[in-house]
Amino acid sequence: GRHVQELCDALYQEDIATIIMEPDIHNHACVRLTHHHVPHTPNLSFSMTYDKAALMDVLKSLAVSQLHMHHWVNYPASFLDFIRNIVSETGWHYDITLHDYYTVCPRINLVDKSGYYCGQPEISVCERCVETTPSHASGMPVWQWRGQFTSLMEQARHVFVPDDDMRTRLTPYIPKNAI
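For the structure given in this document, a descriptive report is provided here.

About the thresholds
Residues numbered from 1 in each chain as written. Predicted model: local features only at pLDDT ≥ 70, side-chain atom pairs only at ≥ 80, totals over all residues. Heavy atoms only, no water. Helix = DSSP H or I, 4+ residues; strand = E, 2+ residues; numbered from the N terminus. Buried < 20%, exposed > 50% of the residue type's maximum accessible area, 1.4 Å probe, protein only. Pairing = 2+ DSSP bridges. Right-handed = clockwise from strand over helix to strand, strands pointing away. 1 Å grid on protein atoms, 1.4 Å probe; cavity = no way out; pocket = protein on both sides within 12 Å on 5 of 7 lines; lining within 4 Å. Points joined across faces, edges and corners; volume = space filled by probe spheres on them. Nonpolar A, V, L, I, M, F, W, Y, C, P; charged D, E, K, R; others polar.

Comments concerning the environment of Gln13
Along the chain, the position of Gln13 falls in helix 1 (residues 2-13). Relative accessible area serves as the criterion here: at 63%, Gln13 is assigned to the exposed category. In sequence terms Gln13 and Met140 are 127 residues apart; their C-alpha atoms lie 42 Å from each other.

A few points about the pairing of strand 4 (residues 66-69)
Burial of strand 4 is one-sided: the residues Leu67 and Met69 facing one way are buried, the residues Gln66 and His68 facing the other way are not. Looking at chain direction, strand 4 and strand 5 (residues 93-97) are connected through four bridges and run parallel. Bridge assignment links Gln66 to a residue of strand 5, and that residue is His93. Taking the sense of rotation as the criterion, the β-α-β connection linking strand 4, helix 3 (residues 77-90) and strand 5 turns out right-handed.

Observations concerning empty space enclosed by the protein
According to the stated counting rule, one finds one cavity of 30 Å³ or more in the structure shown. Roughly 50 Å³ of volume is contained in the largest cavity. Together, His70, His71, Trp72, Val73, Thr97, Leu98, His99, Asp100, Tyr102 and Thr103 line the largest cavity. Residue composition of the lining of the largest cavity, grouped by class: four nonpolar, five polar and one charged.

Next up, the structure:
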């Protein structure tokens, strides 16, 4: 989104190149690499299953040393596992910027079926909510949903949020060492 573009521009001004890795929109079993200032690079697509070694070679040849994760909405679950695996193998440090409540609420915005703020109730209420209203959980229990992101945040160097209100709402779910 716009935030990522602004961050890439700011880093470019400091002579720091950025490479964006995201699921390939044409094949969700693949990841695609793009450079913010080199558009239209469709040939830099790698299978998360079969091309991992080639992708790692490319990332190393580009001297990637830091990851900054931003969004997971509409990404396949395999992408999150793939990123975990890369971090584990390389030992690279990473930061996370949260732009919404997706990591704790599969409905993204802490809004219940009435369309109003849910008040962050007990998890049993959240479980009933995602069972009866559309969400990104796809049958996954909310405790498991949150756990997959908590484990990722525990290893992050920093977890950034855009404002104090979001920090207050997310603090109960983010490991103390990260935020």
